[in-house]
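# A look at the structure
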Amino acid sequence: MFTITKEVYFCYGHRLMNHGGKCRHLHGHSVKAAISITHENLNDQSMVCDFSEVKDCVEQYVNSQLDHNFLLHKDDPIITSLIQQNERFLAIDEHPTAEVLSKMIFTHLKENGFNVSEVALWETASACARYQE
Ligand SMILES: [Zn+2]
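Attention in this report is confined to the structure presented alongside it. Being a predicted model, the structure only gives us computed values, none of them experimental. The numbers attached to residues start from 1 for each chain and follow its sequence in the written order. Since the coordinates come from a predicted model, pLDDT governs what is reported: local features require at least 70, and pairs of side-chain atoms require 80 or more to be given and counted, while whole-chain, interface and lining totals use all residues. No hydrogens and no water enter the side-chain calculation; it runs on all heavy atoms of the structure.

The secondary structure listing takes helices from DSSP runs of H or I that are at least 4 residues long and strands from runs of E that are at least 2 residues long, numbered from the N terminus. Scanning the protein from N- to C-terminus turns up three helices and six strands. Ordering the α and β elements of the protein from the N terminus gives β-β-α-β-α-β-α-β-β. A principal-axis box enclosing the C-alpha atoms of the protein has dimensions of 55 × 30 × 20 Å. Buried means the residue's accessible area, taken with a 1.4 Å probe over protein chains only, is under 20% of the maximum for its type, while exposed means over 50%, and partly exposed covers the values in between. A burial count over the protein gives 41% of its 133 residues as buried.

This is the structure:
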């Protein structure tokens, strides 16, 4: 089994509206996502796949959906204010945790034909959430 891992970096704001601690307040993260692709055999260029193909697919999604965006649960009452202020945001069905974001990135890669085995999202230098199937 061969695995390659590509890292991408991006920023987002969010809040976890029902969190009991400081995560309920508006704040942001500068994160690293590490995307792992696994294949039993190498292709005719002796690669799992080209790193740039993984990068292009991830960055297309990250740049359009997550980077410098504000990620919120769809029921977050602050959405009304953001609409009034003409601010950008992304409302999702779940709380916008690192766990959920890693699954969103995983799903995008899988839907685009990559044999993704894991997405790890480093929310801070010491805290990482991983999604695998
Ligand atoms: Zn946070």
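There is more to say, and it comes next.
Summarising the metal site, the zinc ion is bound by the protein donors His-14 (NE2), His-27 (NE2) and His-29 (NE2), whose distances to it range over 2.0 Å. Between consecutive donor residues of the zinc ion, the sequence gaps follow H-x12-H-x1-H. Pair noted here: His-14 is in strand S1 (residues 2-14) and His-27 is in strand S2 (residues 27-39), with a separation of 13 residues, a long-range link. You can call His-14 buried: its relative accessible area is 1%. Metal donors: N, O and S atoms at distances within 2.8 Å, or within 3.2 Å for Na, K and Ca, with water omitted from the atom set so that some sites may seem incomplete.

Attention shifts here to the nonpolar core. Among buried residues, those of type Ala, Val, Leu, Ile, Met, Phe, Trp, Tyr and Cys that are joined through side-chain atoms within 4.5 Å constitute a nonpolar core. Ile-35, Leu-66, Ile-105 and Leu-109 are the most contacted members of the largest nonpolar core, which has 32 residues in total. Where this core is concerned, the elements lending two or more residues are S1, S2, helix H1 (51-66), strand S4 (90-92), helix H3 (98-111), strand S5 (116-124) and strand S6 (127-131). Considering every element that reaches this core, the biggest residue donor is H3, with seven residues. Of all hydrophobic cores here, the second largest spans five residues; its members include Phe-70, Ile-78, Ile-79 and Leu-82.

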